[in-house]
Amino acid sequence: MRLTSERRLDDGVLEREFTLGEIPGVLWTSGSAPAPLILSGHNGGLHKREPRLVARARHYAARYGLAVAAIDHPGSGDRPRSTADEQSRADLRRAMQAGEPIDEFLDAIVAPMVEKAVPEWRTILDALLALPEIGGSVGYAGMTAIGIRLALLEPRIKAAGFFAGGFVPDAQREEARRVAIPLQFLMQWDDEGNDRQLALDLFDAFGTKEKTLHANLGGHAGTPWFEVDDGARFFARHLT
């Protein structure tokens, strides 16, 4: 892993950009003691520096002493999109404009991302856990489809926070039945781009015996800030 920049922010958080192979990422830490690590996995298409994600990461680090890492998923952020990526997104836009069903087009985007991103996260995790300021347990917060697969394959992840705001392919919906780690599931009741009943069915499908549903009124981007603190306390309970 190669560090490409480092700066101390006004809240005392140390922010470092890094690359590992072709994967660009950011790490936020505070203090020198080994801290639990949160892998911040954004929904497909977003940049690792999307303002809401950065604000959450800095708050986790500054107030709760957690280390947080974010990367650009394949085809997202600073990473190039393949011809297949561009075609899948063009097909999705066309279907949306025509008012046609879009699940098959979303599946063509999300399913390959899961297959590519999960091995990358595991490689990044190896590198981050070698740093002296990171230690202990690992949590995942973010894109549900990727998080489900990670929760099954990566034994170092001890708890997960999922946002029911993105498409989850059928394969991951089936895998959800085998997720056994503590889980916090966050959804917006009036999310304009996601089916409420599908989100509730997914929550019901998770196999873990410790799962909590947080549902708030409002649209996709209207998640109240207090959920950030609730999420941090959830991770603090299970990772420290």
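If you're wondering where the values come from, they're calculated on a predicted model, not measured in any experiment.

The final tally for this structure, using the stated rule, is 6 aromatic pairs. Note on F185 and F206: the rings are 5.8 Å apart at their centroids and 65° apart in plane angle, and the pair reads as edge-to-face. Of the two residues, F185 sits in strand β8 (residues 183–188) while F206 sits in the loop between α6 (196–205) and β9 (211–216), which places them 21 residues apart along the sequence. On the basis of relative accessible area, F206 is assigned to the buried category, the value being 3%. Members of the aromatic cluster, each reached through a chain of ring pairs, are Y140, F162, F185, F203 and F206. K211 extends its terminal NZ or CZ atom over the ring of F203, reaching a point 5.1 Å from the ring centre.

Core analysis: the largest hydrophobic core is formed by 50 residues, its most contacted members being L37, L39, Y140, I146 and F206. With sequence-adjacent residues up to four places away left out, L37 is seen in contact with L27, A67, V68, A69, L125, L128, I134, S137, V138, G139 and L239. If you look at the next biggest cluster of nonpolar residues, it comprises 19 residues, including V13, V26, L66 and V68.

Now for the pattern of salt bridges. All chains considered together, the criterion is met by 21 salt bridges. Residue R49 is joined to E17 by a salt bridge in which the shortest nitrogen-to-oxygen separation is 3.0 Å. Separated by 32 residues along the polypeptide, R49 in the loop between β4 (35–41) and α1 (51–64) and E17 in strand β2 (residues 14–20) bring together distant segments of the chain. We classify R49 as partly exposed; its relative accessible area is 25%. The partner of E174 in a salt bridge is R177, with the nearest N and O atoms 3.7 Å apart. One salt-bridge network, held together by shared partners, links R7, E15, E17 and R49.

Judged by how many residues are buried, strand β7 (residues 157–163) sits mostly within the fold: 6 of 7 residues are covered. Taken together, strand β6 (residues 134–143), helix α4 (residues 144–153) and β7 constitute a β-α-β crossover, and its handedness is right-handed. Examined bridge by bridge, β7 and β8 share 4 bridges and lie parallel to one another. Note that in β8 the partner of F162 across the bridge is F185.

What counts and how
Residues numbered from 1 in each chain as written. Predicted model: local features only at pLDDT ≥ 70, side-chain atom pairs only at ≥ 80, totals over all residues. Heavy atoms only, no water. Phe/Tyr/Trp six-rings, centres within 6.5 Å; stacked < 30°, edge-to-face > 60°. Helix = DSSP H or I, 4+ residues; strand = E, 2+ residues; numbered from the N terminus. Buried < 20%, exposed > 50% of the residue type's maximum accessible area, 1.4 Å probe, protein only. Lys NZ or Arg CZ within 6 Å of the ring centre and 35° of its normal. Core = buried A, V, L, I, M, F, W, Y, C linked by side-chain atoms within 4.5 Å. Contact = heavy atoms within 4.5 Å. Salt bridge = Lys/Arg side-chain N within 4 Å of Asp/Glu carboxyl O. Right-handed = clockwise from strand over helix to strand, strands pointing away. Pairing = 2+ DSSP bridges.

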